[in-house]
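# Residue-level structural notes
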Amino acid sequence: MGQEDQEVLIRGGKATSTSAESLDNNNGQSYEQSSINQGFSKNYGTLSPPSPTLTADNLTYSWYNLDVFGAVHQPGTGWKQLLNRVKGVLCNERHIPVPRKHLLKNVSGVAYPGELLAVMGSSGAGKTTLLNAIAFRSSKGVQISPSTVRLLNGHPIDAKEMQARCAYVQQDDLFIGSLTAREHLIFQAMVRMPRHTTKKQKIQRVDQVIQDLSLGKCQNTLIGVPGRVKGLSGGERKRLAFASEALTDPPLLICDEPTSGLDSFMAHSVVQVLKKLSQKGKTVILTIHQPSSELFELFDKILLMAEGRVAFLGTPGEAVDFFSYIGAQCPNNYNPADFYVQVLAVVPGREAESRDRIAKICDNFAVGKVSREMEQNFQKLEKSNGLNKEDENGFTYKASWFMQFRAVLWRSWLSVLKEPLLVKVRLFQTTMVAVLIGLIFLGQQLTQVGVMNINGAIFLFLTNMTFQNAFATITVFTSELPVFIRETRSRLYRCDTYFLGKTIAELPLFLIVPLLFTAIAYPMIGLRPGIDHFLTALALVTLVANVSTSFGYLISCACSSTSMALSVGPPVIIPFLLFGGFFLNSGSVPVYFKWLSYLSWFRYANEGLLINQWADVKPGEITCTSSNTTCPSSGEIILETLNFSASDLPFDFIGLALLIVGFRISAYIALRVRARRKE
């Protein structure tokens, strides 16, 4: 609808008997004389539940006097603001509070079991802010007034208790795209359902949910990644999101824009799913931007928002009577939902007039019968049935630590097997690089030229293992970070179980890659023969692969996005590369960088591999073919030239092992800090 059509609708015309324009042109007479200010002699708007009796299994969710404030962007850089604060402290200046924007203003409402309550309004009306506030999921910087009251069956609740009893379906659908719909639901059942539930019962519940939400035809279809991997349709993804929350049969379901991005048919099917859930006694609250007339008829109650205030609360039929009675009659053959959104919207170019009209509507509703009934109901709710206290603590995780670890490990292992870039391509890449290095350094002899070539080939072992494995893992956690944050906030699993499950699931691949590389390149180059020398080299290369993997995990956990991780990774690796003893002699490291050299896995691995290669090379084994160059007489001379000692081989193994542990602990801490920041 264009702006001209919008103004015609709001102003009204000869074709319509009354319009929203009369709200501004009647000098307030219609408000003074209407029954709105007289206590709603006609019952426009209601709080009555569908069933007067409440059971402990059904939840009535009510909120009263909800005021929400958001931070206002301050001009100037962060450094400038910091300097101003420091100046104010040092100069003992009076503290000026940070200005805040009043997002929600004294909002009250109630949702009953068996009801589908739709929160409607124009963009910026406060729908999502309200939903986040009642779901205890307000973003950082948003403050809720201490006078706000939120009750479940008349019992005050907090964030943890709300998360235990409420299912929250967010607007964005986040899934692991390499799983099928059924595999996703099995994982959700493993971490969501109570720990005393058997595996057979969980599978039966998954099958039941698949049948209830009509996911049978797509249960074995990959979820996919939009724009990359073809998978489920938009409507199927939405139903899968509902199915994930429906596994535990929650009594309260909150949905943020469940029809966003769907066509009219898919949107209708999704809302029908919510309607069926409400008919089973669930309390369902959703926000919706602009529903069709068919969707509008499915709503049991609507809550109209405008400028952060409540404009109406009641049934759709009562909304028609309410707006007609105050002089804003909906035209015939017109979608009431569109009409309400237009009447309660701020028209560009007529902001003052629009806000004045909205304020009049909200003010008259606030002093009417519904608001007074709401205050009385809050007093009654405090005396009604309390919450049914479960035997197990609802604030804790549903699954045991071992079940969480098992579930994450199973899902991560499936992701590894179904991701060709992590298996087939990497194994092919390892084989090709090993063959290429083997052909370049093929059959090296123990001469002064061969010594230099062998040392270069050994260092190539390390650089290849480092960059190949580090870049393979540098995106592991950043790619799943949104899913991880959402699932940890929902208390599906602990941070440590997720980290262990992810790292252990990929461990076999990081053991196969160095084995394949060493088995091909080692004999082709002609390194020190003997099974003991080969196994020592294989152990060192495997340790290097896992150190670089651990370092990649650290970068991935510390960065907030994949692009940032890929940008940070290479510059950070370069200093460790320089301290490996190939470009810079280990005895020439500056004193102020000595500490950094002890963190370089290149140093320990290069020293270990060179000791393995040269320690037992006796005088006379190296053939000197050129008289004009210095020729090392034995392997001991080569090690002394590089400032390496054969006795340090055990310490090289210990150093690499400690780096693996240190990097992984640091990665876990970084992941945990990131998870806490998002809570």
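Residues numbered from 1 in each chain as written. Predicted model: local features only at pLDDT ≥ 70, side-chain atom pairs only at ≥ 80, totals over all residues. Heavy atoms only, no water.

An unreviewed UniProt entry lists the chain under the name Protein white, with Bactrocera latifrons given as the organism. For the chain, the Subcellular location (unreviewed entry) comment in UniProt is given as "Membrane". Regarding the chain, the UniProt comment filed under Sequence similarities (unreviewed entry) reads as follows: "Belongs to the ABC transporter superfamily. ABCG family. Eye pigment precursor importer (TC 3.A.1.204) subfamily." (UniProt positions renumbered as here; feature names shortened; annotations may be inferred.)

To continue, consider helix α22 (residues 507–525). Taking 1.5 Å per residue as the helical rise, α22 with its 19 residues ought to reach 27 Å, and the 27 Å between its terminal C-alpha atoms agrees with that figure. Among all positions in α22, only L509, F510, V513, P514, F517, T518, I520, A521, Y522 and I525 are buried. Following α22 by one or two positions, G526 adopts a phi angle in the positive range, close to 90°. (Helix = DSSP H or I, 4+ residues; strand = E, 2+ residues; numbered from the N terminus. Expected span 1.5 Å × (residues − 1). Buried < 20%, exposed > 50% of the residue type's maximum accessible area, 1.4 Å probe, protein only.)

This part is about the sheet that holds strand β9 (residues 283–287). The sheet built from six strands is open, its strands ordered β7-β8-β9-β3-β10-β11 with mixed pairing. Each edge of the open sheet carries a strand with a single partner, namely β7 (166–169) and β11 (309–314). On average, each strand axis in the sheet is inclined to that of its neighbour by 15°, with strand direction left out of account. With four bridges connecting them, strand β3 (residues 116–120) and β9 associate as parallel partners. Bridge assignment links L117 to a residue of β9, and that residue is I285. On the sheet, helix α5 (residues 127–134) packs against β3, β7, β8 (252–256), β9 and β10 (301–306) and is oriented at approximately 150° with respect to β8. Packed on one face of the sheet, helix α9 (residues 234–246) meets β7 and β8 and runs near 165° to β7. (Pairing = 2+ DSSP bridges. Axes fitted to C-alpha atoms, helices over the stretch in contact; angles between N-to-C directions. Contact = heavy atoms within 4.5 Å.)

Counting residues in hydrophobic clusters, the biggest one holds 174 residues, and the most contacted among them are I285, F323 and W601. With 14 residues, helix α23 (residues 531–558) is the largest single contributor of residues to this core. Here this core spans two domains, and each of domain 1 (61–314 + 368–383) and domain 2 (401–676) adds at least three residues to it. In this view, F323 contacts L304, F312, A328, Q329, Y340, V343, L344 and I361; residues no more than four positions away in its chain are not counted. (Core = buried A, V, L, I, M, F, W, Y, C linked by side-chain atoms within 4.5 Å. Domains from an automatic or database assignment.)

Moving on, we get to the side chain of S415. In this fold, S415 is placed in helix α16 (residues 401–418). In this structure the side chain of S415 is engaged in a polar contact, spanning 3.3 Å, whose partner is the side chain of S178. (Polar contact = N/O pair within 3.5 Å; in protein donor to acceptor, adjacent residues only side chain to side chain.)

Attention shifts here to the pairing of strand β1 (residues 61–71). Inspection of the sheet shows β1 paired to strand β2 (residues 100–111) by eight bridges, in the antiparallel sense. Its bridge partner being in β2, V68 is matched across the sheet by L104. Bridge analysis of β1 against strand β5 (residues 149–152) gives four bridges, and the strand direction is antiparallel. Following the sheet pairing, S62 is matched in β5 by L151. As paired strands, β1 and strand β4 (residues 142–144) are joined by three bridges and run antiparallel to one another. Pairing of V68 across the sheet is with I144, part of β4.

What follows deals with the UniProt feature "transmembrane region" (unreviewed entry) in the chain. Sites flagged by UniProt as "transmembrane region" (unreviewed entry) map to residues 499–522, 534–560, 572–593 and 653–671. Structurally, residues 534–560 comprises 93% helix and 0% strand, and the distance from its first C-alpha atom to its last is 40 Å. Helix makes up 100% of residues 653–671 and strand 0%, and the two end C-alpha atoms of the span are 27 Å apart.

Evaluation of the coordinates by the stated rule reveals 15 salt bridges. Where E115 meets K301, a salt bridge forms, and the shortest distance between an N and an O atom there is 2.6 Å. In this pair, E115 is assigned in the loop between β2 and β3 and K301 in strand β10, connecting sequence segments 186 residues apart. Each member of the pair, E115 together with K301, is buried. Salt bridges sharing common partners tie together R528, D616 and E621. (Salt bridge = Lys/Arg side-chain N within 4 Å of Asp/Glu carboxyl O.)

In this section: the pairing of β11. The buried fraction of β11 is high, at five of six residues. Judged from the five bridges that link them, β10 and β11 form a sheet pairing that is antiparallel. In the sheet register, M305 faces β11, and the bridge partner there is V310. What sits between β10 and β11 in their antiparallel hairpin is a turn of two residues, with E307 showing a positive phi close to 55°.

For α16, which comprises 18 residues, the first-to-last C-alpha distance of 26 Å matches the rise-based estimate of 26 Å (1.5 Å per residue) to within 8%. Those residues of α16 that fall on the buried side of the exposure criterion are M403, Q404, F405, A407, V408, R411, S412, L414, S415 and V416. Packing partners of the buried residues in α16 comprise α7 (181–192), α8 (199–212), α20 (481–489) and α21 (495–505).

At a minimum axis distance of 8 Å, the contact between α7 and α16 shows a crossing angle of 165°. By the angle between their axes, α7 is roughly antiparallel relative to α16. For the crossing formed where α7 meets α16, the hand is left-handed. On the side of α7, the interface is formed by E183, I186, F187, M190 and V191, while α16 contributes M403, Q404, R406, A407, V408, W410, R411, L414 and K418. Tallied by class, the residues present in the contact of α7 with α16 amount to nine nonpolar, one polar and four charged. (Parallel < 35°, antiparallel > 145°, perpendicular 65-115°, else oblique. Left-handed = near helix turned anticlockwise from the far one by under 90°. Nonpolar A, V, L, I, M, F, W, Y, C, P; charged D, E, K, R; others polar.)

Fine structural detail should not be taken from predicted coordinates in areas where pLDDT scores are low. For the chain, per-residue confidence averages 80 on the pLDDT scale, and 83% of positions sit at 70 or higher. Taken together, the stretch residues 1–44 has pLDDT below 50 and engages in 89 contacts with residues farther than four places along the chain or on a different chain. (pLDDT = per-residue confidence, 0-100.)

Time to look at a nonpolar patch on the surface. The grouping of W401, F402, L500 and I504 at the surface amounts to a nonpolar patch, some 370 Å² of accessible area in total. Those elements giving two or more residues to the nonpolar patch turn out to be α16 and α21. Within the secondary structure layout, I504 lies in helix α21. Note on I504: relative accessible area 36%, which makes it partly exposed. (Patch = residues over 30% accessible without salt bridge, like charges linked within 9 Å, V, L, I, M, F, W, Y side chains within 5 Å. Areas by Shrake-Rupley, 256 points an atom, 1.4 Å probe, with all protein chains shown as cover.)

What follows deals with the packing of aromatic side chains. For the coordinates displayed, the defined rule picks out 31 aromatic pairs. Taking the centre distance of 5.9 Å and the plane angle of 55° together, the rings of F312 and F365 count as tilted. Of this pair, F312 sits in strand β11 while F365 sits in helix α14 (residues 351–366); the two residues are 53 residues apart in sequence, bridging distant segments of the chain. As far as the burial class goes, F312 and F365 line up, both buried. A ring pair is formed by F477 and F499, whose centres lie 5.6 Å apart and whose planes are at 10°; its orientation type is stacked. One end of the pair, F477, is in helix α19 (residues 476–479); the other, F499, is in helix α21, with 22 residues separating them in the sequence. Neither F477 nor F499 differs from the other in exposure class; each is buried. An aromatic cluster is present here, built from F187, F477, F484, Y493, Y498, F499, Y553 and Y668 joined pairwise through their rings. Over the aromatic face of F187 sits the side chain of R411, whose NZ or CZ is 4.0 Å from the ring centroid. (Phe/Tyr/Trp six-rings, centres within 6.5 Å; stacked < 30°, edge-to-face > 60°. Lys NZ or Arg CZ within 6 Å of the ring centre and 35° of its normal.)

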